[in-house]
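Chains, contacts and geometry: an overview
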Amino acid sequence: MSTAPNTAIPAANTTVIPSHPKIEEKFASTQGTAESSNGDATPVNWDSEIQLVSSLAKLQELESKIHELRQFIPAGVLEPLVPISSSNGVSSSTPVAETPPILRNELDHAVRDRLARIEQFQSMWRGPELKPVWAHATARMKEANGQLIQPTGIWERDYDVLLAELTSAEKAKEDERLREEEDAERTKVLSSEGGWAAVTERFTQRGIPGVRLIKGSNDTSMGIALARAGMIFIVEGVKDSGSADVSGWNVSSKVPPGRAPGKLEEAILDCLNSRPRKWDLSFLLDMIASYANIKQTPCAKCNRLANNAAQLPSIRRAQSTQPTKPEESKDRVFTFDAFHTACA
Ligand SMILES: [Zn+2]
């Protein structure tokens, strides 16, 4: 591995004393993309800026924790004595311990608490997340012939802030990319032969047991009957004003006259109407079909059919909504996991 010039600490324009919010989560998520599933054996991509920033943020957090640890002895462990020593006039928010056993308990607790936090610090320091960071830092020191990489010896940036900015910028970019790919997919369906009618036709041809598609008055309206679940859903294309193209699909449930939709039906409808890919008819049809065996489909999280509140898993989550390659998109079938509302 040759030297990576972008590992240099960015020049300072502000000197901020590092705060120490919980950044483990953010770190874990970026670490996850850098490492493969076989754990810490795989090399980390040190050319990735977000990897560098998240590592620096982790080191910064460790450093600020060291300052915290310095306060533990004697001040931290003797905290319960403060109300006693300061009772002559100096106000204290905590009351003086009422009896010696109570005071002893408090002292015990203070020590145990500090010890636990020291242990937590140690496991963070030696943990798998920091292992590659230490290895990289050591290698860079060697490369620099013992010269310090950090020239000023102070943190010149708040790396957790920088990490949050980078992460959200990355997410915005990813969202934008997915949106563009979905737009392209939608255009492709519309321009392909048969348009939405072909989507309906392909769905019918699959002959999913317990699912019957009833064509409506035009290509963009239909009913889907789920015989085993005893439900009928009405799907209708929605057009933006001034546009001939369907921009989304509305779902409602068809209830026989004189009957109100049941709780389960309403829960299903809520989930259907909060789905992603609102433009995508085949996604919606697959999603509705995933309810065909609702009375036999256990929750993917708790593995139970009815939960303690006697509710069936009414939530459906697509296993992947990532756009596929154009040549695969035509016969694409979405699969869904079932969840109880509380398990989702
Ligand atoms: Zn569940």
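Throughout what follows, the structure given in this document is the object of discussion. (Residues numbered from 1 in each chain as written. Predicted model: local features only at pLDDT ≥ 70, side-chain atom pairs only at ≥ 80, totals over all residues. Heavy atoms only, no water.)

Let us look at the pairing of strand β4 (residues 246-253). Two strands pair when backbone bridges link them, and strand β3 (residues 231-239) and β4 are joined in this way by seven bridges, in the antiparallel orientation. In the strand pairing of β4, Lys 239 is matched with Val 246. In this structure, the hairpin formed by β3 and β4 is closed by a connection of six residues, where Gly 242 is found at a positive phi of approximately 85°. (Pairing = 2+ DSSP bridges. Helix = DSSP H or I, 4+ residues; strand = E, 2+ residues; numbered from the N terminus.)

Turning next to the coordination of the zinc ion. Here the zinc ion is held by Cys 299 (SG), Cys 302 (SG), His 340 (ND1) and Cys 343 (SG), and the distances to it run 2.1 to 2.3 Å. Angles of 98 to 117° at the metal separate the four donor atoms of the zinc ion, which places the site in the tetrahedral class. Between the donor residues of the zinc ion, the gaps in sequence give the motif C-x2-C-x37-H-x2-C. Of this pair, Cys 299 sits in the loop between α10 (281-289) and β5 (315-318) while His 340 is found in the segment after β6 (336-339), placing the two residues 41 residues apart along the sequence. When sorted by exposure, Cys 299 lands in the same class as His 340, which is buried. (Donors = N, O, S within 2.8 Å, 3.2 Å for Na, K, Ca; no water. Tetrahedral: all angles 85-135°; square planar, octahedral: opposite > 155°, others 65-115°. Buried < 20%, exposed > 50% of the residue type's maximum accessible area, 1.4 Å probe, protein only.)

Where nonpolar side chains cluster on the molecular surface, the patch consists of Leu 78, Leu 81, Ile 84 and Val 96 and spans about 290 Å² of accessible area. By the secondary structure assignment, Ile 84 is in helix α4 (residues 82-85). On the accessibility criterion, Ile 84 (38% relative accessible area) is partly exposed. (Patch = residues over 30% accessible without salt bridge, like charges linked within 9 Å, V, L, I, M, F, W, Y side chains within 5 Å. Areas by Shrake-Rupley, 256 points an atom, 1.4 Å probe, with all protein chains shown as cover. Salt bridge = Lys/Arg side-chain N within 4 Å of Asp/Glu carboxyl O.)

Below, the discussion takes up the sheet that holds strand β2 (residues 221-226). Strands sit in the order β1-β2-β3-β4 across an open sheet of four strands; the sheet is antiparallel. Whereas interior strands pair on both sides, the edge strands pair on one side only; in this sheet they are β1 (211-215) and β4. Each strand of the sheet is rotated relative to its neighbour by a mean of 25°, with strand direction disregarded. Direction of pairing for β1 relative to β2: antiparallel, over a ladder of five bridges. In the strand pairing of β2, Arg 212 is matched with Ala 225. Packing against the sheet, helix α8 (residues 195-205) makes contact with β1, β2 and β4, and its axis sits at approximately 150° to β1. In this fold α10 packs onto β1, β2, β3 and β4, with an angle of close to 20° to the strand it touches most, β2. (Axes fitted to C-alpha atoms, helices over the stretch in contact; angles between N-to-C directions. Contact = heavy atoms within 4.5 Å.)

Let us look at the environment of Val 96. In this fold, Val 96 is placed in the loop between α4 and α5 (100-126). With relative accessibility at 42%, the residue Val 96 sits in the partly exposed group.

Moving on, we come to the packing of aromatic side chains. The relation between two aromatic rings is expressed through the spacing of the ring centres and the mutual angle of the planes. Considering all chains together, one arrives at six aromatic pairs under this definition. Here Trp 155 and Tyr 159 contribute two aromatic rings whose centre-to-centre distance is 5.9 Å and whose plane-to-plane angle is 70°, an arrangement assigned as edge-to-face. Each of the two residues, Trp 155 as well as Tyr 159, counts as buried. Taken together, a centroid distance of 4.8 Å and an interplanar angle of 80° make the contact between Phe 283 and Phe 334 edge-to-face. With a gap of 51 residues between them, Phe 283 in helix α10 and Phe 334 in the loop between β5 and β6 connect regions that are remote in the sequence. Neither Phe 283 nor Phe 334 differs from the other in exposure class; each is buried. An aromatic cluster of three or more residues is present, and its members are Phe 121, Trp 125 and Trp 134. The ring of Phe 72 carries Arg 114 above its face, with NZ or CZ at 5.6 Å from the centroid. (Phe/Tyr/Trp six-rings, centres within 6.5 Å; stacked < 30°, edge-to-face > 60°. Lys NZ or Arg CZ within 6 Å of the ring centre and 35° of its normal.)

Moving on to the pattern of salt bridges. If you walk through the whole model with that rule in mind, you get 18 salt bridges. For Arg 112, the salt bridge goes to Asp 108, with nearest N and O atoms at 3.6 Å. Of the two residues, Arg 112 and Asp 108 are both situated in helix α5; the distance of four residues between them amounts to about one turn of the helix. Looking at Asp 108, the relative accessible area reads 26%, which means it is partly exposed. Close ionic contact of Asp 113 with Arg 117 constitutes a salt bridge, the shortest N to O distance being 2.9 Å. Of this pair, Asp 113 and Arg 117 both sit in helix α5, four residues apart, roughly one helical turn. When its relative accessible area of 30% is taken as the criterion, Arg 117 is described as partly exposed. Overlapping salt bridges, with partners in common, bring together Glu 68, Glu 79, Asp 113, Arg 114 and Arg 117 in one network.

Attention shifts here to unusual backbone geometry. Residue Pro 74 is reached from Ile 73 by a cis peptide bond, and omega for that bond is 0°. As for its placement among the helices and strands, Pro 74 is situated in helix α3 (residues 72-76). Of note in the backbone geometry, Asn 303 takes a positive phi value of approximately 65° without being a glycine. Here Asn 303 lies in the loop between α10 and β5. Asn 303 sits in the exposed class, given a relative accessible area of 60%. Backbone geometry at Ala 310 places phi at a positive 60°, although glycine is not the residue there. Checked against the element boundaries, Ala 310 lands in the loop between α10 and β5.

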